Amino acid sequence: MNKLLNVLKFSSLRNKLKALGYELTFRNLMLFSLGISAMLFIVGYLFYLNMTYILILIIVFLILFPFLLVFKFKADYEKQRFQDCVKYMEQLIYAFNKSTKIRESLVDVYNVTTGIIHDTCKEMIDCIDFDNTTHNLYAKAFSIMEGKFNCNRLKLLHTYLIEVEETGGKSQHSLNILLTDIRNWTSRVMDYQQQRRAIQSKITLSIMCAMFSVGLMLNIVPDEYRNQMVASNGYQLGTLVVMLGCIIIYYIGSSLICKSYLDNELDKHIEERYTRSAEYVARYESKNHLVPRLVKSCIVTVGIGVLAYFKAYTFILPIAVAGLYVVFGDMLKKISCVKQITKEITKMFPSWIRTLILYLQVENVQVAIQKSYKTAPKVLQPEIFRLIEGLDDDPDSNIPYSEFLKAYDVPSLKLSVSYLYAISQFGKEDMLMQLDYLIEQSAVLSINEEKIRNEDALAGFSMLGLAPMLLACAKLAMDMMLFLNIIMSIMDSYTAL
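Analysis parameters
Residues numbered from 1 in each chain as written. Predicted model: local features only at pLDDT ≥ 70, side-chain atom pairs only at ≥ 80, totals over all residues. Heavy atoms only, no water. Helix = DSSP H or I, 4+ residues; strand = E, 2+ residues; numbered from the N terminus. Expected span 1.5 Å × (residues − 1). Bend = angle between axes of the 7 residues up to and from the residue. Polar contact = N/O pair within 3.5 Å; in protein donor to acceptor, adjacent residues only side chain to side chain. Contact = heavy atoms within 4.5 Å. Buried < 20%, exposed > 50% of the residue type's maximum accessible area, 1.4 Å probe, protein only. Arc of directions from axis to C-beta. Axes fitted to C-alpha atoms, helices over the stretch in contact; angles between N-to-C directions. Left-handed = near helix turned anticlockwise from the far one by under 90°. Nonpolar A, V, L, I, M, F, W, Y, C, P; charged D, E, K, R; others polar. 1 Å grid on protein atoms, 1.4 Å probe; cavity = no way out; pocket = protein on both sides within 12 Å on 5 of 7 lines; lining within 4 Å. Points joined across faces, edges and corners; volume = space filled by probe spheres on them. Patch = residues over 30% accessible without salt bridge, like charges linked within 9 Å, V, L, I, M, F, W, Y side chains within 5 Å. Areas by Shrake-Rupley, 256 points an atom, 1.4 Å probe, with all protein chains shown as cover. Salt bridge = Lys/Arg side-chain N within 4 Å of Asp/Glu carboxyl O.

Next up on the list: helix α15 (residues 313–360). When the terminal C-alpha atoms of α15 are compared, their 68 Å separation across 48 residues agrees well with the 70 Å that a helix rising 1.5 Å per residue should span. Its axis deflected by about 65° at Phe328, α15 carries its strongest bend there.

Examined against the element boundaries, Glu165 turns out to sit in helix α8 (residues 152–167). For Glu165, the side chain forms a polar contact with the side chain of Tyr138, separated by 3.2 Å. When residues no more than four places from it in sequence are discounted, the contact partners of Glu165 are Phe96, Thr100, Lys101, Ile102 and Tyr138.

With that settled, consider helix α16 (residues 365–373). Within α16, the full set of buried residues consists of Val365, Ala368, Ile369 and Ser372. Projected onto a plane normal to the axis of α16, the buried residues spread over an arc of 100° and lie on a single side. Close packing links the buried residues of α16 with α15, α17 (381–393), α18 (399–402) and α19 (411–425). Between the side-chain oxygen at the start of α16 and the backbone nitrogen of Gln366 there is a gap of 3.2 Å, and the oxygen is on Asn364.

For the pair helix α3 (residues 26–46) and helix α4 (residues 51–99), interaxial distance at closest approach is 9 Å and the crossing angle is 140°. The handedness of the crossing between α3 and α4 is right-handed. Contact residues: Leu29, Phe32, Ser33, Ile36, Ser37, Leu40, Phe41, Gly44 and Tyr45 in α3; Met51, Ile54, Leu57, Ile58, Phe61, Leu62, Phe65 and Leu69 in α4. The residue makeup of the contact of α3 with α4, split by class, is 14 nonpolar, three polar and no charged.

On to empty space enclosed by the protein, then. Rolled over the atoms, a probe with the dimensions of a water molecule shows which regions are left empty. Taken as a whole, this structure holds one cavity of 30 Å³ or more when the rule is applied. In this model, the largest cavity occupies a volume close to 30 Å³. Along the walls of the largest cavity sit Leu156, Thr159, Tyr160, Thr355, Leu358 and Tyr359, which together make up its complete lining. Listed by contribution, the elements that provide at least two residues to the lining of the largest cavity are α8 and α15. The residue makeup of the lining of the largest cavity, split by class, is four nonpolar, two polar and no charged.

The subject of this paragraph is the environment of Ile144. Relative to the helices and strands, Ile144 is located in helix α7 (residues 137–148). A residue is classified by how much of its surface remains accessible, and Ile144, at 22% relative accessible area, is partly exposed. Distance in space between the C-alpha atoms of Ile144 and Thr120 is 7.2 Å, their sequence separation being 24 residues. Residues within four places of Ile144 in sequence aside, it is in contact with Thr120, Glu123, Met124 and Cys127.

Next up on the list: a nonpolar patch on the surface. There is a patch of nonpolar side chains on the surface, built from Phe41, Ile42, Tyr45, Leu46, Met51, Leu55, Ile59 and Ile63 and spanning about 810 Å² of accessible area. Those elements that provide at least two residues to the nonpolar patch are α3 and α4. For Leu46, the location among the structural elements is in helix α3. Leu46 gets classed as exposed once you look at its relative accessible area, which sits at 54%.

Here is the structure:
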């Protein structure tokens, strides 16, 4: 409620839009509001709405208008944030390849950038120069940029640069791998941006077609019948509901299109959902379900038998269906949770592989896996921990690799892990060949990862395009019923005469 009231306050709205790069004056806001009010008045008049309903329509839209303004400029702001994040990562890789030092690289990026990247690089350089502590100095500096862009690839780049700075080693090949991945990611996100714009255009077009259909139906009705139709409460209320529904659909579509394009920000609620699913699966596996299931089955069977004895056959099927859910509902929920976890593992696995590939450039497989654990996605950390324990016990065995993700149906991911065993067993030349194949596999998995993530972000969004036409169909059916009722009443009056 406080958030709603804050946006409706002009000072808060102006500050919010200013943070998004747009200056709003009170005069402009009033002009926008008057223009929208006049437009809605004309639309309401053309649809023969009473003044009370027109005022309700205008008030609702004016309440939502500040949010629509924020959504409009936030969509442009998120596009620019994504471009800034990509530009920073590319420039930092170029600079580090040249100097191999973090501070010098940040100075180079500072000199060739503008805007938020330029200002943030200055903060990071000042942190390195003036921070009195020496513990995790580069991590503190990089956290400033990570606070602006919550992006997995950005954090991976920072972590790797710190590793190279502290331990040395050649980094050019690893950074080139990361640079290629960033460019491919950029291309996929640009396609995703086009999908968002296309869906928003479809929603707008669908709203216009819905309103046109409703208006056309009204205007093909003869005048003597139309006047009776528009005077009825059913027509007035139905038209208001359709118009308000279209406004709300447009509002929802606008709120969805302004979401972030950075992976960690798209996934910010995933950890919570995954944790709940994992806890449920763990509780399910720890219990004995045979006895409770038999008891439930006996109770349901007795209940069905009693209904059959009293010949209440109508209730047997519903009771049987409900009984099946009571008996097997926990198992169905467990299957659903496993599917959710499997989906999250499939989505997050490429980010771990990207980290692992960077460490494999300078470390053996076992050390690379150990170093990747801390920054690995939480959904994968239990499996990685078991892999590390297995390798500690028997570093030359294939068993720890073959048991990785054994509880989940993810054959393509298991194939990638099997190549880690191959890398650990072959010589340097063969290892590089296997590593190249792992890089190719990572690229394929990354494409699937982005596809899953984008589908999650667009879930329900595309369905909004159908909603206005469904509203219009319901309204047309209602108007047709009103029209038929009027004709029937006239015919009845003629019959009475």
